[in-house]
Amino acid sequence: MHVDAEVYQLKDRLTQHRRHLHKYPETGFDVSSTRDYILSWLEKWGFDEIRIVAGSGIKAVMKGNDGGMTLAFRADMDALPLHEETGVEFASVNCGRMHACGHDGHMAILLGLAEWLSLHKEELKGNVVLIFQPAEETVGGALPMIKEGVLENPGVDAIFGFHVLPDIPQGKIGLRAGPVMAQTCEFTVEVTGKSAHGAMPHRGVDALLAACYFVNAVHGLISRWVSPDDKALLTIGKLHAGEKRNIIAGKATIEGIIRTFDEGVYKRIKENIQGLLSGLELSHRVKAQYREDVYYPVVNNDANLVSQLKKFLPPDVLQDIQPLMIAEDFSYYQQRVPGVYMFLGCRNESKGFTAPLHSSKFNFDEEVLLYGLQVYHDIIKGFGVVR
């Protein structure tokens, strides 16, 4: 992928940002050190507004001179609760936390864009809003930032975001119109019975047995209640019940996820889960409660924006992709304004960068940062926000 000279000159700074952020990862909304590092750089570059949003997020605005479009670019800030095993010299020093999903790279690219904008501020016709968002990996930071006005004053006309992806070769950009990432629901089911001695099970109500029945039954929902034409999945990832081997479990907790690309399909799955739980209460004499812990809508790329991007991004770097079952709360921004979420290919087998996202060995070639910055540079120029 071609990189312009004015972008390439920021290579060392991009690498510096990425390595610092990678070394000091933080999780959820608790990203104050990450926030402060980003603020320390933004304050050098002449932004017209820099504001802390949702406690640890940042909105930075650089205003143009001619009242043109307002484009927003978003990067996620949080890491994962994971022990790093990459062996790099800038590995995490925060025990049990790691940027295993590439958010360090996303932030570095956005900081690179901030510096590039500072060098071209006098040429800006429209406005550019940079959004650094916490808690993408947990409960979702997008909605709190939206509620605090991150897309307003100035009103955003279009928003863009990236995710590094080792399923796509380095130098390629994954792009498609329409649904690109799934809707997700992270749910918990709590089953309450009655403890008793294991030698006298008739005196208790076995929550573990009821939970096992539910887990077996719920996996039939997709195969028997959802059309094969509708993409959907349901996964139970965790079941915890009981205290000791000789005591009937009085409580069981089940955790799982639902992924779809259609709100109607999701509602049918949810209704059927609740129907199963009602039956469980009758057949096993337990109490069963369903709770939705995290919900993200479908990441749905605006077709008109994608069409425009294809006019000024090099066609040889664009790679069509199929919708992915992974999820992202970038979707909430797209519910408010037109937006496009792209994938920045980072698979490089010759250099050994093949580990999947959320792996303790995930890493990428830092040349990828230049490619991401180049695409943002091309978007700003392509939409005429810079003269």
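Within each chain, residue numbers correspond to sequence positions counted from 1 in written order. Owing to the predicted nature of the model, reporting of local features is limited to residues with pLDDT of at least 70; listing and counting of side-chain atom pairs is limited to 80 or more, with chain, interface and lining totals taken over all residues. Hydrogens and waters are ignored; side-chain quantities use all the structure's heavy atoms.

A. Region of interest: the overall build of the protein chain. Helix numbering and strand numbering both begin at the N terminus, where a helix is a DSSP run of H or I of at least 4 residues and a strand a DSSP run of E of at least 2. Scanning the protein chain for helices and strands turns up 11 helices and 16 strands. In summary, the protein chain has a C-alpha radius of gyration of 23 Å against a globular reference of 21 Å for 387 residues, a match within 12%. Taking the principal axes of the C-alpha coordinates as reference, the protein chain spans close to 80 × 45 × 40 Å. Two residues form a contact once any of their heavy atoms are found within 4.5 Å. Taking the contacts inside the protein chain whose residues are at least 6 apart along the sequence as the reference set, 81% of them involve residues at least 24 apart. In the protein chain, the 40 positive side-chain charges and the 48 negative ones have mean positions that sit 5 Å from each other. Our radius of gyration looks at C-alpha atoms and nothing else; its globule reference is 2.2 Å times the residue count to the power 0.38. Note on charges: Lys and Arg go in the positive column, Asp and Glu in the negative column, and His and the chain ends are not counted at all. Throughout, a charge is located at the NZ atom of Lys, the CZ atom of Arg, the CG atom of Asp or the CD atom of Glu.

B. Representation of the nonpolar core in the model. Residues Phe73, Leu130, Phe132, Phe160 and Met342 are the most contacted members of the largest nonpolar core, which totals 95 residues. Leave out the neighbours within four places in its chain, and Phe132 touches Ile38, Leu42, Gly57, Ile58, Ala75, Met77, Met107, Leu110, Leu111 and Met145. Residue types Ala, Val, Leu, Ile, Met, Phe, Trp, Tyr and Cys, when buried and joined through side-chain atoms within 4.5 Å, form a set referred to as a nonpolar core. Residue burial is assigned from relative accessible area. The probe radius is 1.4 Å, only protein chains are included, and a residue is buried under 20% of its type maximum, exposed over 50%, and partly exposed in between. By size, the runner-up hydrophobic cluster in this structure holds 28 residues, among which are Val189, Leu221, Ile254 and Ala288.

C. Just the packing of helix α4 (residues 103-119) against helix α11 (residues 367-382), in detail. Axes, fitted as lines to C-alpha atoms, cover a helix only where it is in contact. Angles between the N-to-C directions of the axes lie from 0 to 180 degrees. Two elements in contact, α4 and α11, have axes separated by 9 Å at closest approach and are oriented at 45°. As the angle between them shows, α4 and α11 are arranged oblique. As α4 packs across α11, the resulting crossing turns out to be right-handed. Two secondary-structure elements touch here, α4 through Gly105, Ala108, Ile109, Leu110, Gly112, Leu113, Trp116 and Leu117 and α11 through Leu369, Gly372, Leu373, Tyr376, His377, Ile380 and Lys381. Each residue belonging to the contact of α4 with α11 can be placed in one class, and the counts come to 10 nonpolar, four polar and one charged. These descriptions rest on fixed angle ranges, namely under 35 degrees for roughly parallel, over 145 for roughly antiparallel, 65 to 115 for roughly perpendicular, and the rest for oblique. Definitions for this section: a left-handed crossing has its near helix turned counterclockwise from the far helix by less than a right angle. A right-handed crossing has that turn clockwise. Residue polarity follows a fixed list, in which Ala, Val, Leu, Ile, Met, Phe, Trp, Tyr, Cys and Pro are nonpolar, Asp, Glu, Lys and Arg are charged, and the others, Gly among them, are polar.

D. Fine view of the packing of helix α2 (residues 11-23) against α4. Where α2 contacts α4, the two axes come as close as 8 Å, and the packing angle between them is 140°. Handedness of the α2/α4 crossing: right-handed. When α2 is examined against α4, the residues Arg13, Leu14, His17, Arg18, Leu21 and His22 are found in contact with a partner set consisting of Asp104, Gly105, Met107, Ala108, Ile109, Leu111, Gly112 and Glu115. Here the contact of α2 with α4 is built from residues that sort into six nonpolar, four polar and four charged.

E. Representation of unusual backbone geometry. Going from Asn153 to Pro154, the amide bond is cis rather than trans, its omega being 5°. Position of Pro154 relative to the elements: it lies in the loop between α5 (142-147) and β5 (158-169). The residue Ala54 is not glycine, and still its phi comes out positive at about 55°. Mapped onto the secondary structure, Ala54 falls in the loop between β1 (49-53) and β2 (57-62). The phi angle at Arg285 is positive, at roughly 60°, despite the residue not being glycine. Summarising the element assignment, Arg285 is placed in the loop between α8 (263-284) and β13 (287-296). Overall, the relative accessible area of 57% leaves Arg285 in the exposed class.

F. Region of the structure containing the pattern of salt bridges. Every case where a carboxyl oxygen of Asp or Glu lies within 4 Å of a side-chain nitrogen of Lys or Arg is listed as a salt bridge. Taken as a whole and assessed by the stated rule, the structure comprises 20 salt bridges. Asp230 is paired through a salt bridge with Arg268; the nearest N and O atoms lie 3.6 Å apart. Pair noted here: Asp230 is in the loop between α7 (220-225) and β10 (232-241) and Arg268 is in helix α8, with a separation of 38 residues, a long-range link. Overall, Arg268 belongs to the partly exposed group, its relative accessible area being 36%. Bridged by salt links that share partners, the residues Arg18, Arg19, Glu89, Asp104 and Glu366 form one connected network.

G. Examining the sheet that holds strand β12 (residues 251-260) more closely. Paired strands are those between which DSSP finds at least two bridges. The strand order β10-β12-β8-β13 describes an open sheet built from four strands, whose pairing is antiparallel. Whereas interior strands pair on both sides, the edge strands pair on one side only; in this sheet they are β10 and β13. Each neighbouring strand pair of the sheet contributes to a mean axis angle of 20°, computed without reference to strand direction. When strand β8 (residues 183-192) meets β12, the two strands line up antiparallel, connected through 10 bridges. Within β12, the residue paired with Thr184 across the bridge is Arg259. Lying over the sheet, helix α6 (residues 207-218) contacts β8, β10 and β12, oriented at roughly 15° with respect to β12. Its contacts with the sheet put α8 on β8, β10, β12 and β13, and the angle it makes with β13 is roughly 160°.

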